[in-house]
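Observations on the model geometry
Listed here are the chains, written in short residue letters.
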Amino acid sequence: MPILSLLDRRGGLHTLIAQPGDTVAAALLRNSIPPTSVVTTRGEETIVSDGHVLDPAETYVARLIEGYDIEGIRRLFESRDTSAEYVRRRLRVSPTGALDMERTPLDLEGAAEYVEGVVRDTIGEFGLLPAGDKVVLGLSGGVDSGSLLMLLAAYRDAIGAPGIEINAATFQDFDSKWSETFEFAARLADRHGVRHDVVPAERAEEVFHLNRPMAQILMHLMETEDSHLAMYADHHSTRRVLEVYADDVGAATVALGLHTTDLLAGMLNAQTTGFDVGPVPRRPVGPYTYVLPLAFVPKRELHLYYTHRTGHTPKQTTPNQWEFNPGDRNFYYYLADQIQWCWPGVETWMFTAHARTAPDRAGRFLTCENCGGTVVAQPSAGDWPGVCDVCALLDRHGWIEH
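Summarised in this report is the structure supplied together with it.

Quick notes on the rules
- Residues numbered from 1 in each chain as written.
- Predicted model: local features only at pLDDT ≥ 70, side-chain atom pairs only at ≥ 80, totals over all residues.
- Heavy atoms only, no water.
- Core = buried A, V, L, I, M, F, W, Y, C linked by side-chain atoms within 4.5 Å.
- Buried < 20%, exposed > 50% of the residue type's maximum accessible area, 1.4 Å probe, protein only.
- Helix = DSSP H or I, 4+ residues; strand = E, 2+ residues; numbered from the N terminus.
- Arc of directions from axis to C-beta.
- Contact = heavy atoms within 4.5 Å.
- Pairing = 2+ DSSP bridges.
- Salt bridge = Lys/Arg side-chain N within 4 Å of Asp/Glu carboxyl O.
- Phe/Tyr/Trp six-rings, centres within 6.5 Å; stacked < 30°, edge-to-face > 60°.
- Lys NZ or Arg CZ within 6 Å of the ring centre and 35° of its normal.

As for the nonpolar core
One broad trend across soluble globular proteins is that nonpolar side chains are buried collectively. Within the largest apolar cluster, 84 residues are counted, with the highest numbers of intra-cluster contacts made by Leu129, Leu137 and Leu394. Per-element tally for this core: the top contributor is helix α8 (residues 230–249), with 9 residues. Judged by nonpolar contacts, the second largest core, of 15 residues, contains Leu16, Leu28, Ile33 and Tyr60.

Shown next, in the form of structure tokens:
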């Protein structure tokens with residue numbers, strides 16, 4: 001077994017857990033030590049790289065080169081609590097900068113009640129759904145949209161009259177007739193007393209003035225040099241058709257099932273590219289108000305909620321081929337999950353701070369001349385061409401009828 005120790009800046013030597021076949025980086029990460037914070041030597045003097053495979057016959061020392069109390073931070077993550085199905089962690093930071101890791105063991109029922117409480121508090125604190133409001137959501141039948149419907153229904157039932165009116169739209173696509181989640185969406189809406197409409201696939205063709213089905217366009221787009229934009233075209237077209245559905249039912253509030261990881265990933269993207277993503281969890285966009293009731297619910301807690309309320313674990317469907325493209329989006333999601341592990345509860349800090357510092361959007365809303373969608377003029381964008389980025393993309397490939 002290789003011997004690996006951490007030498008801190010105070011001269012303390014701490015034995016680390018290392019396994020045969022570990023690289024230096026793998027062993028350090030297993031012990032909650034960032035490889036960039038140390039220089040590792042074999043024996044006394046020979047420096048080895050992060051990719052060096054630990055030799056069972058050798059002794060290694062990782063010398064901390066940063067000046068922070070890494071042992072104090074590592075102790076925050078030490079826990080062997082297996083008393084419940086889920087242990088909710090939250091890193092508390094006091095006004096003096098002191099750190100403490102709060103741990104709350106929860107069974108499935110407790111986790112579900114906790115999630116409902118978080119969503120109820122989010123809606124109330126940020127005024128997401130005023131009494132008597134009419135709200136629409138896209139319902140695919142998957143974890144995110146299904147949980148959002150159940151949580152909004154629970155909120156509606158809890159506040160009573162004058163309550164909110166929930167309208168769910170399921171978008172028809174090429175496999176919807178045979179999709180289990182498609183049928184489940186209809187049953188879920190019926191069970192919770194929510195109006196449910198099926199929006200035909202042709203609606204996207206009408207809104208975007210397309211000369212072929214959107215599903216076909218997305219597949220063709222994957223064969224072009226713009227394949228990395230297929231996912232954005234998919235998301236934008238879905239949201240725009242959802243807005244048109246909102247117009248049909250007389251609603252101006254659109255609820256999206258974006259959870260903590262979704263929003264953290266988007267915020268990381270915005271911070272590194274200078275893109276304005278708007279405030280969280282309430283986001284006015286032209287004539288519509290987008291609300292994000294799941295902003296403070298991590299994906300894992302959403303899975304636990306869905307499992308308890310439906311009585312079965314979510315079925316993990318195969319992602320569309322464009323959902324793994326572009327790679328940088330996947331990387332932002334990876335980073336968002338890593339951040340949540342290192343700093344559980346970070347979303348409370350980041351989202352509320354972002355809402356206070358987000359740029360003023362007054363006078364910056366523009367309307368696409370093709371799809372009618374509202375977009376926000378970005379600070380770094382050039383002259384407005386009259387159409388949104390997605391319609392410009394579709395037109396460039398000859399898929400828009402003029």
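Next, the rest of the story.
Digging into helix α7 (residues 214–221)
All of the buried residues in α7 are Met214, Ile217, Leu218 and Leu221. Viewed end-on, α7 has its buried residues packed into an arc of 100°, placing them on one side of the element. Looking at the buried positions of α7, the neighbouring elements they touch are α6 (202–208), α8 and α13 (389–396).

Re the environment of Asp55
Mapped onto the fold, Asp55 is located in the loop between β4 (46–47) and β5 (59–64). Between the C-alpha atom of Asp55 and that of Pro385, which follows or precedes it by 330 residues, the distance is 61 Å. In contact with Asp55, not counting residues within four places along its chain, are Pro2 and Tyr60.

Concerning the pairing of strand β7 (residues 99–106)
Inspection of the sheet shows strand β6 (residues 86–93) paired to β7 by 8 bridges, in the antiparallel sense. The residue of β7 that forms the bridge with Arg89 is Arg103. Here β6 folds back onto β7, and the loop between the two strands holds 5 residues, one of which, Gly97, carries a positive phi near 95°.

Focus on the pattern of salt bridges
Here the structure, examined in full by the defined rule, presents 15 salt bridges. Glu116 is paired through a salt bridge with Arg309; the nearest N and O atoms lie 3.1 Å apart. With Glu116 in helix α3 (residues 108–126) and Arg309 in helix α10 (residues 299–310), this residue pair connects regions lying 193 residues apart in the sequence. Taking relative accessible area as the criterion, Glu116 reaches 19% and is therefore assigned buried.

Digging into unusual backbone geometry
Looking along the chain, the bond that leaves Val280 and enters Pro281 is cis, with omega of 5°. Looking at the element boundaries, Pro281 is found in the loop between α9 (260–273) and β12 (282–285). For the bond running from Asn325 to Pro326, omega is 10°, close enough to zero to count as cis. Of note, the phi angle at His209 is positive, near 55°, even though the residue is not glycine. Considering the arrangement of structural elements, one finds His209 in the loop between α6 and α7. His209 gets classed as partly exposed once you look at its relative accessible area, which sits at 37%.

Some points on the pairing of β12
By the alternation rule, side chains of β12 split into Arg283 and Val285, which are all buried, and Arg282 and Pro284, of which none is buried. Two strands pair when backbone bridges link them, and β12 and strand β13 (residues 288–291) are joined in this way by 4 bridges, in the antiparallel orientation. Considered in β13, the bridge of Pro284 is made with Thr289. Joining the antiparallel neighbours β12 and β13 is a turn of 2 residues, in which Gly286 adopts a positive phi near 60°.

With respect to the packing of aromatic side chains
Here the structure, examined in full by the defined rule, presents 5 aromatic pairs. Consider the rings of Phe126 and Phe296, whose centres lie 6.1 Å apart with planes at 15°: the pair is stacked. Note that Phe126 is positioned in helix α3 and Phe296 in the loop between β13 and α10, a separation of 170 residues in sequence. On the basis of relative accessible area, Phe126 is assigned to the partly exposed category, the value being 26%. Each residue in the set Phe126, Phe296 and Phe351 is aromatic and connected to the rest through ring pairs, giving one cluster. The cationic tip of Arg89 hangs over the ring face of Trp341; the distance from NZ or CZ to the ring centre is 3.9 Å.

Read these as layout, nothing more, since geometry by itself doesn't imply function.
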